[in-house]
Every structure is written in structure tokens, then in C-alpha cells.
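Single-letter residue listing:
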Amino acid sequence: MDKIVIRGGRPLKGRIQISGAKNAALTLMPCALLTDEPLTLRNLPRLADIDTFGHLLNNHGLSTTIEGSSPDEFGRVMTVRANRITSTLAPYDIVRKMRASILVLGPLLARAGEATVSLPGGCAIGNRPIDLHLKALEHLGAEIELAAGYVKATAPKGGLPGGKYVFPIVSVGATENAVMAAVLAKGVSVLENVAREPEIVDLCNCLVAMGAKIQGIGTEKLTITGVKELHGATYAVMPDRIEAGSYACAAAIAGGEVELVGASAEDLGVTLDMLHEAGVETAPTADGIMVRRTGQMKGINVSTAPYPGFATDMQAQFMAMLTVADGASLLTETIFENRFMHVPELARMGADITVRGRSAIVRGVPKLFGAPVMATDLRASMSLVLAGLAAEGETTVSRIYHLDRGYERLEEKLQAVGADIERVGDG
């Protein structure tokens, strides 16, 4: 199994191309289930999760073709076509590998009238139930059964009638499934207290490009008028705001100056605000965002929250960054209850972190030290890489298959800006 080896202490300087967003791409790919015409997605990142989702779509009878890119280029162009849906079963063997697989539930139900989907897997970062997905679909007219680890959803004869649902708490995945189900419903659907993440906006814009009628995009209330059918489209995946934020943290912890090419300041929002508070400079450029850290960082208080708040997917990276800040920081995790699994690994490198329930107190230390560490989930993996960039000596990060799920060619991008980092095999 491959490992990442980092010899820290080198400031970063140069440009990093930000890839298409993993979380957006995994939401856009199942849109192909909603039409028999081709959906072409540009700027699709080369990631293990994308390949896994492609296999899941193939299982339903969709064709997936890659075009117009070479192995040396970042991103891909993929055309997905569901000329005929041959299976409405999403089996455990595929779904267990990735939680996003649950996103075939809504579009299969809308187009084929039924869907049987295994309960999802994915990162071990706490309890992530799908009850809101199911309640939303029930309010749109679906009948739901749970049996033997599978969800079976059935639409009335003639299709989903549509309906109204107010989410009791904000849920990104449940919003996505409900929106995809509602676009082909017979009536008008109203979804309130929906997630407003940029990836939700990207999904709605793609569906509108396919002929959907959606009002209120980017707000807490979506009104969706069902249409009889959608058509194909060509759509570019938005830049990955979590990848951009992660490399911003790399420039901050290692020092230096990095331009994040293609990054959107609007999408990063509060992440940039928190970087400024910690003493990291950022500025817009013609091609993206410049991130610079020349002086000492200072401790800050950060609490995760649904968008437009601070993203839970950035918590681990900020924690790593703040281990070498001046003073103490307080990080509070409000989204998932088990997302501090990187703390013991950072402590192995000399970090001073105390966990109290859903909060972690990080007391900055003068220096981190390289050590062998083990990744536990996708974002925790990145936090260990960041720590390795600043640590004295050599850091070896194992179980990097987590990284390959969400960061396209990470070591190549960091090498290009001066990091001493490489991927090595066990043999």
C-alpha cells in the first residue's frame, strides 16, 4: 500500500491549479439518471470516488465515456448517458465504499418510479443517518420500506406527485436527493430550510441547464415545478472550495506564497475570514486567490456550521495549521460527533491538543516533529500532510487511499510549489 513521505520545513512558492469539486461532481453525475440524453461534465476531477460513482452508474445501465484529456492533464471530460435504466438496485458492494452513492435514490425514483439502495458507507466520522433523505422523499409522495440493510422507495403509478417539506435541520445530501426527485414530479414541490452550499447551487444550475424549473436557487427555500422530461446538457463542475482551502492552509503552515488558480473567493467565504483572523494574508488575483504567510500566526476560535458558516470539511486542516500558531485556539465541531480522530496522530508529531466533547483546545507549539502517522478519513489525511509540511524531519503518512478519494494528484501539486513530498510503495 502506498504512503506519503514528507520532509518538512520548506516554505512554499508558486501556483496550484484547483481541481473540479469532488462534492459537486458526485452530485452532478447522478443527474444523468434523469434523462435519456447525454450529460457531459467538464472539469471532472481524477479521484477514486469519481471512479467508484462511475461504476455505480454503469451498474444501472448508464454508459460513461472519457474524452478530451490526457493522463498528464488535471481534470477530465466525462459524458454519461442513461439511454435505458437496466437496474434500479444499488448493491451493497458498491454503495458501502462511498456515502455519496445514496444520491442515486432520488433520481432513480423520479425517472424509473422505484429504487432499491443499500444503506451507505464512507468515512468513519460519526453517525450520518439518512432519515432526512427518506422523510423528504415521503413528502414528495414516495413510499419507503427498510429491509435487510436496503432502502426501497416506490413512486405512485404515474410518478411522484410532489409536495412540501421543511427540513428540521439543514442537510446537504437530503437536499440534493429531494431536488433531483422533485424535478420530474407531476406537481409543484416546495422545499424549505434547504442547504445553501455552493455545491447545491451547482446542482440546481446544472438541472436548470437540463430543462428543470427551479426558483430560489441559493436561498433557504426552493420551489420546483416538475417537468415531464429533462434533456441533455454540457456543464462545468465548479472549483473545489475544500481543496482550495486545504492548500491555503498549506501555505499558512509552511510559510511562503501560493496562488490558488481557479479558486473562488465567494465560495471560500468564511474560510478566508478565518485565515485573515489567524494572520494569513489573502488577495484576489486575475486567476484566483493569492495566499501568503510571512509572520507568526495567532490562535483563533472556530466553530463549524452549515454554509455560509465554516465548513466541517475544513476543521481538520485548520486544526493542523493552528498547532504552530501563537497562543491557544478553540475548535468546535457542531456537524459530526466523531471528527477529531486526527488528534492522536497530530499529538504524535508534538501538537498540544485537548479534546473536550465536541471542542478541541489547540495550544500552539514552537515546532512539530516528523513521525509515522496513519490517516483515518479524507480530511484528517490532509491535516497530517499539512503538519508534515511544517514538521522538522520526516513524516510518513500511511493509509493514503483516503487522500486519493478527495485530492487530485496531491503530491504533484505540492512538489510544484517547493514541498519535499513523494509517494512511495511498501515494496
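Along each chain, residues carry numbers from 1 onward, in the same order as the chain's sequence is written. Reporting in this predicted model follows two pLDDT cut-offs: at least 70 for local features of residues, and 80 or more for side-chain atom pairs to be given and counted; totals over whole chains, interfaces and linings ignore these cut-offs and use all residues. The side-chain quantities take in all heavy atoms of the structure and omit both hydrogens and water.

Draft legend 1. Expanded view of the overall build of the protein. What counts as a helix is a DSSP run of H or I of at least four residues, what counts as a strand is a run of E of at least two, and both are numbered from the N terminus. The helix and strand inventory of the protein stands at 15 helices and 24 strands. For the radius of gyration, the atoms used are the C-alpha atoms, and the globule rule reads 2.2 Å times the number of residues raised to 0.38. Taking 427 residues into account, the globule formula puts the C-alpha radius of gyration at 22 Å, and the protein, at 22 Å, falls close to it. Taking the principal axes of the C-alpha coordinates as reference, the protein spans close to 65 × 45 × 45 Å. Working definition: with a 1.4 Å probe on protein chains only, accessible area under 20% of the residue-type maximum means buried, over 50% means exposed, and in between means partly exposed. When the 427 residues of the protein are sorted by exposure, 56% land in the buried category. Contact between two residues is taken to exist if any of their heavy atoms lie within 4.5 Å; hydrogens are not considered. Within the protein, contacts between residues separated by at least 24 positions form 75% of all contacts whose residues are at least 6 apart in sequence. Where accessible areas are quoted, they stem from the Shrake-Rupley method and a 1.4 Å probe; at the residue level, only the protein chains shown are allowed to cover. Surface summary for the protein: the accessible area is close to 16,100 Å², and the carbon and sulfur share equals 49%. Counted charges follow a simple rule, with Lys and Arg positive, Asp and Glu negative, and His plus the chain ends left uncounted. One atom stands in for each charge, and that atom is NZ of Lys, CZ of Arg, CG of Asp or CD of Glu. Here the protein holds 41 positive side-chain charges and 47 negative ones, and the gap between their average locations is 3 Å.

Draft legend 2. Molecular detail of the sheet that holds strand β10 (residues 164-166). Spatial strand order, β10-β11-β13-β12: 4 strands in an open sheet with mixed pairing. The outermost strands of the open sheet, each flanked by one partner alone, are β10 and β12 (213-215). Within this sheet the neighbouring strands show an average axis-to-axis angle of 15 degrees, counted without direction. Paired strands, as defined in this entry, are two strands with at least two bridges between them according to DSSP. In this analysis, axes come from line fits to C-alpha atoms, helices being fitted only over the stretch in contact, and the angle between any two N-to-C directions falls in the range 0 to 180 degrees.

Draft legend 3. Focus on the nonpolar core. Core analysis: the biggest nonpolar cluster contains 79 residues, and Val104, Leu105, Val179, Val183, Leu207, Ile214 and Leu230 have the highest contact counts within it. For this core, the element with the most residues is helix α6 (residues 172-182), which contributes 6 residues. Ignoring anything within four residues of it in the chain, the contact list for Leu207 reads Cys31, Leu34, Val179, Met180, Val183, Ala212, Ile214 and Leu230. The next biggest cluster of nonpolar side chains, apart from the first, holds 70 residues, and it includes Leu346, Val373, Leu386 and Tyr407. We call a set of buried residues a nonpolar core when its members are Ala, Val, Leu, Ile, Met, Phe, Trp, Tyr or Cys and they connect through side-chain atoms within 4.5 Å of each other.

Draft legend 4. A look at the state of the cysteines. Working definition: a disulfide is two cysteine sulfur atoms within 2.5 Å of each other. Applying the stated criterion to the full structure yields 0 disulfides. For Cys31, which is in no disulfide, the shortest distance to another cysteine sulfur is to Cys206 and amounts to 4.7 Å. A residue is classified by how much of its surface remains accessible, and Cys31, at 0% relative accessible area, is buried.

Draft legend 5. Representation of the pairing of strand β20 (residues 352-356) within the structure. Bridge analysis of β20 against strand β21 (residues 359-363) gives 5 bridges, and the strand direction is antiparallel. When the sheet's bridge partners are listed, Val355 is paired in β21 with Ala360. Joining the antiparallel neighbours β20 and β21 is a turn of 2 residues, in which Gly357 adopts a positive phi near 65 degrees.

Draft legend 6. Fine view of the packing of α6 against helix α7 (residues 198-209). Two elements in contact, α6 and α7, have axes separated by 10 Å at closest approach and are oriented at 10 degrees. In this view, α6 runs roughly parallel relative to α7, as classed from their interaxial angle. Residues Val172, Thr175, Glu176, Val179 and Met180 of α6 touch α7, and the partners they reach there are Ile200, Leu203, Cys204 and Leu207. An angle counts as roughly parallel when it lies under 35 degrees, as roughly antiparallel when it exceeds 145, as roughly perpendicular when it falls between 65 and 115, and as oblique in every other case.

Draft legend 7. Layout of the environment of Tyr165. Topologically, Tyr165 is positioned in strand β10. Those residues in contact with Tyr165, other than ones at most four positions away along the chain, are Leu132, Lys135, Ala136, His139, Val190, Leu191 and Glu192.

Draft legend 8. Focus on the sheet that holds strand β23 (residues 394-398). Here 4 strands make up an open sheet; going across it, the order is β22-β23-β1-β24 and the pairing mixed. Among the strands making up the open sheet, the edge pair consists of β22 (372-374) and β24 (420-424). Mean inter-strand twist for the sheet, computed between neighbouring axes without regard to direction, equals 20 degrees. Of the pairings in the sheet, the one linking strand β1 (residues 3-7) to β23 comprises 4 bridges and is antiparallel in character. Bridged to Ile4 within β23 is Val397.

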